[in-house]
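A look at the structure
Each chain, letter by letter, is given below.
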Amino acid sequence: MLIHPQPDPVAFALGPVSVHWYGLMYVLAFAMFIMLGRVRIKQPHIAAAGWKNDDLDDMLFYGMLGVIVGGRLGEVLFYQPMHFLANPIDIFKIWQGGMSFHGGFLGVLAAMSLWARKSGRNVLDVWDFIAPLVPLGYAAGRLGNFINAELPGRIADASLPWAMLWPGVEGPRHPSPLYQMIVDGLMAFVILWMFSRKARPRLAVGAMYALLYGCARFFTEYFRVPDWQTEVLGMPITSGQVLSLPMIIGALMMLAWAYRRKEQPGAA
């Protein structure tokens, strides 16, 4: 059995300013967006569509706003509305953690739609371009959750080699943030990156990411203590699964639409 290392959530301090590991994970996520984006731009079918490094730099600004605003609002609306209603100042304390992926996902879609309109690109092409750049950033965020000892897992069998004693929680637990980092993040990245290396019909890559993430998150939720839980047809379903089901259904519909129409992306 393992014990959570409980690292100091503050990575370092610069005078009165404390830099938290959780915040550094977002910096890492944005850096990987740029790095992977520059690799993606060199892929023949992406270069042929006229994507340039300047586009990537511009999209990052919009994407950062979408992630932060959407992620925080998602946390407020989907998970802890009563807490934030009683403590509105806590909404701005993002260094303490508490960012909803589903909220951030919607925020990025909205931000990229604004950028597409500004740049004259088809919004579906923009979603397809950025989709493979997202999963590693998500993985970095889950590592930040683990460092902060957030999102404890469900009770695990003590004989499980990686069962972990979690601070402030009784009994051995599944290290669910690490599960989500690996399955929802790293595995989804590998599959999507391979899928996107070849030209695909318009919206196919974006839809594939929504499908991969939705299915992965639905699975890994079984190992995480839910923020809230309800029942559907007599079966328990967690908050994360409730939010992932529309992604899965919508992604399947979008994939069917993409391959039926077989539209090819175009240049701006």
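All of the points below concern the structure found in this document. Note that the structure is predicted; figures quoted are calculated from it, not measured. Here the residue numbers are simple positions, counted from 1 along each chain's written sequence. Reporting of local features is limited, given that this is a predicted model, to residues whose pLDDT is at least 70; pairs of side-chain atoms are given and counted only at 80 or more, and all residues count toward the totals for whole chains, interfaces and linings. To obtain the side-chain values, all non-hydrogen atoms of the structure were included, while hydrogens and water were left out.

Focus: helix α8 (residues 176-196)
- The end-to-end C-alpha distance of α8, which contains 21 residues, comes to 28 Å, matching closely the 30 Å that a straight helix rising 1.5 Å per residue would cover.
- Taken as a whole, α8 carries its principal kink of about 30 degrees at A188. A run of H or I in DSSP counts as a helix once it spans at least four residues, and a run of E counts as a strand once it spans at least two, with each numbered from the N terminus. A helix is expected to span 1.5 Å multiplied by its residue count minus one. In this scheme, the bend at a residue equals the angle between the axes fitted to the seven residues that finish there and the seven that begin there.

Things to note about the pattern of salt bridges
- Any Lys or Arg side-chain nitrogen found within 4 Å of a carboxyl oxygen on Asp or Glu counts as a salt bridge. Inspection of every chain in the model, using the stated rule, returns seven salt bridges.
- When the shortest N-O distance is used, the salt bridge between D57 and R38 registers 3.1 Å. With D57 in helix α3 (residues 53-79) and R38 in helix α1 (residues 21-41), the pair connects residues that are 19 residues apart, well separated along the chain.
- D57 sits in the partly exposed class, given a relative accessible area of 36%.
- The partly exposed category is assigned to R38, whose relative accessible area is 30%. Burial classification: accessible surface area is computed with a 1.4 Å probe over protein chains only, and a residue below 20% of its type maximum counts as buried, one above 50% as exposed, and the rest as partly exposed.

Concerning the packing of aromatic side chains
- Stacked, tilted and edge-to-face pairs are distinguished by plane angle, under 30 degrees for stacked and over 60 for edge-to-face with tilted covering the rest, among Phe, Tyr and Trp rings (Trp via its six-membered ring) whose centres lie within 6.5 Å. Within this structure, the stated rule accounts for 15 aromatic pairs.
- Where F61 meets Y62, the ring centres are 6.0 Å apart and the plane angle is 90 degrees; that geometry is what we call edge-to-face.
- Note on F189 and W193: the rings are 5.6 Å apart at their centroids and 35 degrees apart in plane angle, and the pair reads as tilted. Taken together, the residues span about one helical turn, with F189 and W193 both in helix α8 at a distance of four residues.
- Assessed through its relative accessible area of 15%, F189 is described here as buried.

A look at unusual backbone geometry
- Positive phi values are uncommon outside glycine, yet Q6 reaches one of about 45 degrees.
- Among the structural elements, Q6 can be located in the loop between β1 (2-3) and β2 (10-14).
- Judged by relative accessible area, Q6 falls into the exposed class, the value being 52%.
- In this structure, A149 takes a positive phi of about 60 degrees despite not being glycine.
- Its place among the elements puts A149 in the loop between α7 (135-147) and β4 (164-165).

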